[in-house]
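Read off the chains here:
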Amino acid sequence: MPDPLALALTPQIGPRRLQQALSTDLSTEAVADELGPEIAVAYAKTLKDGMANKEREQAAKLGLRLIGLWEDGYPEELRHLDSPPMVLYLKGELPPSERNIGIVGTRKASPWALAWTHKVALELAEAGIGIISGLALGIDAASHKGALEGGGYTLGVLGSAMDRFYPSQNRSLAERMNVLSEFPLGTPPQPGLFPRRNRIVAAFSKAVLVVEAGEKSGSLITAKFAAELGRDVLAVPGRPGDTFSLGSNRLIQDGAGLVLNTEDILNALGVLAPKKQALQLEGSEAQVYRALLELPEALPDDLAQSTGLSTGEILSVLMMLELKGMVQSSAGRYSPV
């Protein structure tokens, strides 16, 4: 019996050929007329081997939903791509609205960037913004965790099959959230698959935010896809000369929106920032916190020089700010949260 999933799983079939064949009754004869006898023979073998039913059965065991390009429930954001995924393997739900932002960046993120991303993703989630990312280590994971803590929607898009999860360190995180892949079960992670993942992140997002990206970061591929799709590209500035910020700084030079906080992102998305009670700081606490905003990842001696306070006073103030949840430390350096 003709089966569009079997055709999608047939070697040599890509999105364009699949769409071409979907205009027929999907019989082997019709596929031969439309795509040639060689592909029709391969399709007939896929049907005979029952590959589509095996794929459905294995997906069901994994708790996955399959959504084909031929189905009404296929997301329009992806249908209009030049090369749309033929089949989506979904755990959980697709983005419930268009109020989503893609957040991407380096896997080897600095403590400051991880804390900033987590905080911003949490606040965006509280404002009703969905977070889309790639479930990689570093910035991706921080954005997903922040969204979950904020009680919001988050989707991780994989560069491998759902049963070949990568990276394994984020498996427990993935179990708590929505996850999507376009790759048939059994497909291992491969370098060439991650750019394809990135186009899905961009397509589902109203804007893409890049945090700490080097000159050759895969995050820049996501930003490129976003620009080509007419999405806004945003970036967090880094220190000049910082290897992990050269890419994001270059994006800003090329016209990306400069982002310093959650409000900047909400403004770019056209969303009114929710009002909340700000924590008031006074005296030396306010002075030190302002200095930290100018000198992220600062040593106590740096802050002493900047504020004129003694190192002992600085350490005392930093301890109080940590207790209030406004500062975090790593390897003796302090950053605002």
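This text goes with the structure placed above it.
All values derive from a computational prediction rather than experimental measurement.

Peer 1: Requested: an account of the overall build of the protein chain, with residues and values cited.
Peer 2: Scanning the protein chain for helices and strands turns up 16 helices and 11 strands. Principal-axis analysis of the C-alpha atoms gives the protein chain an extent of 85 × 40 × 35 Å. Of all 337 residues assigned to the protein chain, the portion counted as buried reaches 50%. Contacts in the protein chain between residues far apart in sequence, at least 24 positions, make up 64% of those at least 6 positions apart.

Peer 1: I'd like to hear about empty space enclosed by the protein, residue by residue, with values.
Peer 2: For the coordinates displayed, the defined rule picks out 1 cavity of 30 Å³ or more. Considering the residues around the largest cavity, the lining is formed by Arg107, Gly134, Ala136, Tyr166, Pro167, Phe194 and Arg197. Considered class by class, the residues forming the lining of the largest cavity number 4 nonpolar, 1 polar and 2 charged.

Peer 1: Summarise the sheet that holds strand E6 (residues 178-181); cite the residues concerned and give the values.
Peer 2: The 9 strands lie next to each other as E1-E2-E6-E5-E4-E3-E7-E8-E9, forming an open sheet whose pairing is mixed. Edge positions in the sheet fall to strand E1 (65-68) and strand E9 (257-258), since each of these pairs with one other strand and no more. Pairing of strand E2 (residues 87-91) with E6 involves 3 bridges; the strand directions are antiparallel. Directly across from Tyr89, in E6, lies its bridge partner Ser181.

Peer 1: Explain helix H8 (residues 139-149) residue by residue, including any values.
Peer 2: Most of H8 is tucked away, with 8 of its 11 residues classed as buried. Within the span of H8, buried status applies to Ile139, Asp140, Ala141, Ala142, Ser143, His144, Gly146 and Ala147. On its buried face, H8 is in contact with strand E3 (100-105), helix H7 (111-126), strand E4 (130-133), strand E5 (154-157), helix H9 (171-174) and strand E7 (207-211). Trailing H8 by a residue or two, Gly151 shows a phi angle of about 75°, which is positive.

Peer 1: I'd like to hear about the side chain of Ser27, residue by residue, with values.
Peer 2: Following the sequence through the fold, Ser27 ends up in the loop between helix H2 (15-21) and helix H3 (28-35). Beyond its immediate chain neighbours, meaning those up to four positions away, Ser27 contacts Pro2 and Tyr43.

Peer 1: Provide a residue-level description of a negative patch on the surface, including the pertinent values.
Peer 2: Together, Asp25, Glu29, Asp33 and Glu34 give the surface a local cluster of negative charge. What makes Asp33 exposed here is its relative accessible area of 70%.

Peer 1: Please set out the nonpolar core residue by residue, giving values where relevant.
Peer 2: Within the largest apolar cluster, 58 residues are counted, with the highest numbers of intra-cluster contacts made by Leu78, Leu135 and Phe204. Contact partners of Leu135, with chain neighbours within four places excluded, come to Asp140, His144, Gly156, Leu158, Phe165, Pro167, Asn170, Leu173, Ala174, Met177 and Val179. Membership of the second largest hydrophobic core comes to 25 residues, among which are Ala125, Leu234, Val236 and Val259.

Peer 1: I'd like a rundown of the pattern of salt bridges, residues and numbers included.
Peer 2: What the rule picks out here adds up to 9 salt bridges. For the salt bridge of Lys224 with Glu228, the shortest nitrogen-to-oxygen distance reads 2.6 Å. Taken as a pair, Lys224 and Glu228 lie in helix H11 (residues 219-228) at a separation of 4 residues, close to a single helical turn. Residue Lys224 is classed as exposed on the basis of its relative accessible area of 52%. Taken together, the salt bridges that share partners define one network made up of Glu182, Arg196 and Arg199.

Conventions we followed
- Residues numbered from 1 in each chain as written.
- Predicted model: local features only at pLDDT ≥ 70, side-chain atom pairs only at ≥ 80, totals over all residues.
- Heavy atoms only, no water.
- Helix = DSSP H or I, 4+ residues; strand = E, 2+ residues; numbered from the N terminus.
- Buried < 20%, exposed > 50% of the residue type's maximum accessible area, 1.4 Å probe, protein only.
- Contact = heavy atoms within 4.5 Å.
- 1 Å grid on protein atoms, 1.4 Å probe; cavity = no way out; pocket = protein on both sides within 12 Å on 5 of 7 lines; lining within 4 Å.
- Points joined across faces, edges and corners; volume = space filled by probe spheres on them.
- Nonpolar A, V, L, I, M, F, W, Y, C, P; charged D, E, K, R; others polar.
- Pairing = 2+ DSSP bridges.
- Patch = residues over 30% accessible without salt bridge, like charges linked within 9 Å, V, L, I, M, F, W, Y side chains within 5 Å.
- Areas by Shrake-Rupley, 256 points an atom, 1.4 Å probe, with all protein chains shown as cover.
- Salt bridge = Lys/Arg side-chain N within 4 Å of Asp/Glu carboxyl O.
- Lys, Arg positive; Asp, Glu negative; His and termini not counted.
- Charge placed at Lys NZ, Arg CZ, Asp CG, Glu CD.
- Core = buried A, V, L, I, M, F, W, Y, C linked by side-chain atoms within 4.5 Å.

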